Amino acid sequence: MQPAANNRATSSSATDLGSLAGEQDPLPTSNVKNFVDEARIERAVREILSAVGENPDREGLKETPARVARMYAEMFSGLHEDPRIHLQKFFTEQYDEVVLVRDISFNSMCEHHMLPFMGLAHIGYMPNGRVIGLSKLARVVEVVARRPQVQERMTETIANLLLEELEAKGVAVIIEATHTCMTIRGIRKPGSLCVTSAMKGIFRSNLSSRSEMMNLIYGGRRP
Ligand SMILES: [Zn+2]
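All figures in this text were calculated on a predicted structure; none of them were measured in a lab. (Residues numbered from 1 in each chain as written. Predicted model: local features only at pLDDT ≥ 70, side-chain atom pairs only at ≥ 80, totals over all residues.)

(A) Region of interest: the nonpolar core. If you look at the biggest cluster of nonpolar residues, it comprises 32 residues, and the most contacted ones within it are V140, V141, I158, L162, V171 and V173. Those elements that place two or more of their residues in this core are β3 (115-126), α4 (134-145), α5 (151-166), β6 (170-179), β7 (194-201) and α7 (202-205). (Core = buried A, V, L, I, M, F, W, Y, C linked by C-beta atoms within 7 Å. Buried ≥ 20, exposed ≤ 12 C-beta atoms within 10 Å, placed from the backbone. Helix = DSSP H or I, 4+ residues; strand = E, 2+ residues; numbered from the N terminus.)

(B) Molecular detail of the environment of R130. Mapped onto the elements of the fold, R130 is located in strand β4 (residues 130-132). Along the chain, R130 and E165 lie 35 residues apart, while their C-alpha atoms are 9.2 Å from each other.

(C) Just the environment of L120, in detail. Locating L120 in the fold gives a position in strand β3. A sequence separation of 56 residues divides L120 from E176, and the C-alpha atoms of the two residues are 5.4 Å apart. Once residues within four sequence positions are removed from consideration, L120 is found in contact with D103, I104, S105 and E176. (Contact = placed C-beta atoms within 7 Å.)

(D) Looking closely at α4. The first and last C-alpha atoms of α4 sit 18 Å apart over 12 residues, in line with the 16 Å expected at 1.5 Å per residue. Within the span of α4, buried status applies to K136, L137, V140, V141, E142, V143, V144 and A145. On its buried side, α4 packs onto β2 (99-110), β3, β4, β5 (148-149) and α5. (Expected span 1.5 Å × (residues − 1).)

(E) View of unusual backbone geometry. Of note in this structure, D103 is not a glycine but carries a positive phi near 60°. With respect to the element layout, D103 can be found in strand β2. The backbone phi angle of R188 is positive, close to 50°, even though this residue is not glycine. Take R188: it is sitting in the loop between α6 (180-183) and β7.

(F) The sheet that holds β6, seen in detail. On the basis of which strands lie adjacent, the open sheet formed by 5 strands has the order β5-β2-β3-β6-β7 and mixed pairing. Every other strand in the sheet has two partners, leaving β5 and β7 as the edge strands with one partner each. Set on the sheet, α4 makes contact with β2, β3 and β5; between it and β2 the angle comes to about 15°. Helix-sheet contacts for α5 involve β2, β3, β5, β6 and β7, and the interaxial angle to β7 is about 25°. (Pairing = 2+ DSSP bridges. Axes fitted to C-alpha atoms, helices over the stretch in contact; angles between N-to-C directions.)

Okay, structure coming up:
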């Protein structure tokens with residue numbers, strides 16, 4: 001599990017002055033929970049531009065640090081949200097067949113390279129009296145994706161959240177994604193797809209439940 005985001009923001013600001021020590025802005029007293037230090041990001045982006053040999057003051061780059069800061073605030077907004085809030089409102093329903101939402105698109109940021117990875121999440125569960133609105137599954141994906149991430153942890157985190165909050169009989173999460181850190185740099189393999197899965201409860205222990213789920217997700221398609 002991710003540590004509570006507001007703790008992280010508060011404690012790291014108190015102790016870690018980072019590479020730009022002394023230039024840190026004071027935390028605002030209100031709304032600390034949603035705080036991303038955009039001014040600090042701006043300074044860091046200026047630094048990067050200078051470091052690669054650019055002139056951060058030239059016309060075309062003037063607004064870039066502020067633009068990047070707003071972008072990061074958006075891309076990492078999930079750090080300051082608890083995905084569990086989307087799973088609190090469930091309905092009591094005696095439905096004991098698979099519920100599946102397929103092809104939930106997402107964008108996330110690889111924490112190793114700070115480059116985006118994007119793709120589709122398929123989420124299925126076998127309810128145990130608790131059913132949630134289908135859009136809530138997409139909300140959970142959104143919150144978990146908008147953090148510095150690795151795909152494996154993202155898959156596991158979503159599965160565990162559903163298992164715990166819905167007390168489901170089983171949860172299956174499959175994520176397929178393209179990582180730009182593999183397609184535009186390094187090994188440069190465009191078209192490569194990374195597939196991860198987390199099978200919990202009945203989808204782990206029972207082979208026929210698992211193959212039913214895989215059939216629902218993929219049908220005739222290949223992953
Ligand atoms: Zn990467």
